[in-house]
Amino acid sequence: MADDASQAIPKRMLPPLSTENRPFWTGGADGLLLIQQCTECALWVSPPAADCPDCGATLAARPVSGRAEVLTYTVNHQPFNPAVPVPYVIAIVKLDEQADLRIATNIVDCEPDSIHVGMKVHVRFERHELEDESVFVPVFAPRIEA
Ligand SMILES: [Zn+2]
């Protein structure tokens, strides 16, 4: 009864920006996918954290290649929000930089039926306005191999 999905789900799940996650959500302004990397042991860290979960050192936001592969995905046919056409694809992708470096995202620019686990994808950015600043949501599209 309290489950009012029509107002609970925004167009995108845009988070409040913090010092830690701001690079991730705004790097797209420069076409960069910025992920935190440990300044000591070089571990990539996602989701954003205060310091390195391995060695405790400081993290710095650094650009990654934007290349990834689909680890798991689900096709959503539920029109939670009229602003978002269905079906759309929610996925976990694994970035090429590190075996356990994963982000939750959407797969765009392809038919949901064509998506498969292991599919090579590349980042692109969707611009959204969040209160007084723009955020660039990283989404992934099929990668065309040269
Ligand atoms: Zn470290």
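Residues numbered from 1 in each chain as written. Predicted model: local features only at pLDDT ≥ 70, side-chain atom pairs only at ≥ 80, totals over all residues. Heavy atoms only, no water.

J.: Describe the coordination of the zinc ion, and please don't skip the residues or the numbers.
T.: Of the protein atoms, only Cys 38 (SG), Cys 41 (SG), Cys 52 (SG) and Cys 55 (SG) coordinate the zinc ion, at distances of 2.2 to 2.3 Å. Of note is the zinc ion, whose four donor atoms meet at the metal with angles of 100 to 122 degrees in an arrangement that counts as tetrahedral. Positions of the donor residues of the zinc ion along the chain correspond to the pattern C-x2-C-x10-C-x2-C. Pair noted here: Cys 38 is in strand 1 (residues 33-38) and Cys 55 is in the loop between strand 2 (44-45) and strand 3 (59-64), with a separation of 17 residues, a long-range link. Given the relative accessible area of 44%, Cys 55 is considered partly exposed. (Donors = N, O, S within 2.8 Å, 3.2 Å for Na, K, Ca; no water. Tetrahedral: all angles 85-135°; square planar, octahedral: opposite > 155°, others 65-115°. Helix = DSSP H or I, 4+ residues; strand = E, 2+ residues; numbered from the N terminus. Buried < 20%, exposed > 50% of the residue type's maximum accessible area, 1.4 Å probe, protein only.)

J.: If you had to explain unusual backbone geometry to someone new, which residues and values would you point to?
T.: The omega torsion across Ser 46 and Pro 47 is 0 degrees, close enough to zero to call that bond cis. Among the structural elements, Pro 47 can be located in the loop between strand 2 and strand 3. In the segment running from Val 86 into Pro 87, the intervening peptide bond is cis, with an omega of -5 degrees. Checked against the element boundaries, Pro 87 lands in the loop between strand 4 (67-76) and strand 5 (88-95).

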